[in-house]
Amino acid sequence: MNAQRLRYKNKLPELKNSLNLLDALEEKKGKEESMETNFLLSDQVYSTATIAPTDKVCLWLGANVMLEYSLAEARDLLQRNIGSAEK
């Protein structure tokens, strides 16, 4: 039980960052602007990408599983996961 609690505690900052990124994507979508970002390729290796306005995102769920969600569905899932992690 303690190991599970620690795992959720460690995931909380990542979940909140993902939620902040969704906010930025929704803001840019409303303005029809592209967004430039850096993303992690491997340990200490980043690359730059330009993200066109979109209404879909892919979320890494773990265990080699990534699913595509609409922005609203992704927000709901992240908020539920944050609520579970905080609880």
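Each residue is numbered by its place in its chain's sequence as written, counting from 1. In keeping with the predicted nature of the model, local features appear solely for residues at pLDDT of at least 70, side-chain atom pairs appear and are counted solely at 80 or more, and the whole-chain, interface and lining totals rest on all residues. Each side-chain value is worked out from all heavy atoms of the structure, with water and hydrogens disregarded.

- The name an unreviewed UniProt entry assigns to the protein chain is Prefoldin subunit 3, from the organism Plectus sambesii.
- Under the UniProt heading Subunit (unreviewed entry), the note attached to the protein chain is "Heterohexamer of two PFD-alpha type and four PFD-beta type subunits."
- UniProt positions are given in the numbering used here, feature names are shortened, and annotations may be inferred rather than shown by experiment. Looking at the protein chain in UniProt, the text filed under Sequence similarities (unreviewed entry) is "Belongs to the prefoldin subunit alpha family."

**A closer look at helix H2 (residues 71-86)**
Note: α-helices contain 3.6 residues per turn, so residues at a spacing of three or four share the same orientation.
Okay, step 1: Helix length check: H2 (16 residues) gives 22 Å between terminal C-alpha atoms against 22 Å at 1.5 Å per residue, within 8%.
Okay, step 2: Burial status follows relative accessibility: with a 1.4 Å probe on protein chains alone, a residue under 20% of its type maximum counts as buried, one over 50% as exposed, and anything between as partly exposed. Counting from the N terminus, the helices are the DSSP runs of H or I reaching at least four residues and the strands are the DSSP runs of E reaching at least two. Leu71, Ala74, Arg75, Leu77, Leu78, Ile82 and Ala85 are the residues of H2 that are buried. Buried residues of H2, seen end-on, are gathered within an arc of 165 degrees and therefore sit on one face of the element.
Okay, step 3: The contact rule is simple, with two residues in contact once any of their heavy atoms fall within 4.5 Å. Contacts made by the buried residues of H2 are with helix H1 (2-31), strand S3 (56-62) and strand S4 (65-70). Expected helix span is computed as 1.5 Å times (number of residues minus one). Think of the arc as the fan of directions from the helix axis to the C-beta atoms.

**Points about the environment of Asn10**
Okay, step 1: Following the sequence through the fold, Asn10 ends up in helix H1.
Okay, step 2: Residues Asn10 and Ala85, spaced 75 residues apart in sequence, show a C-alpha to C-alpha distance of 9.0 Å.

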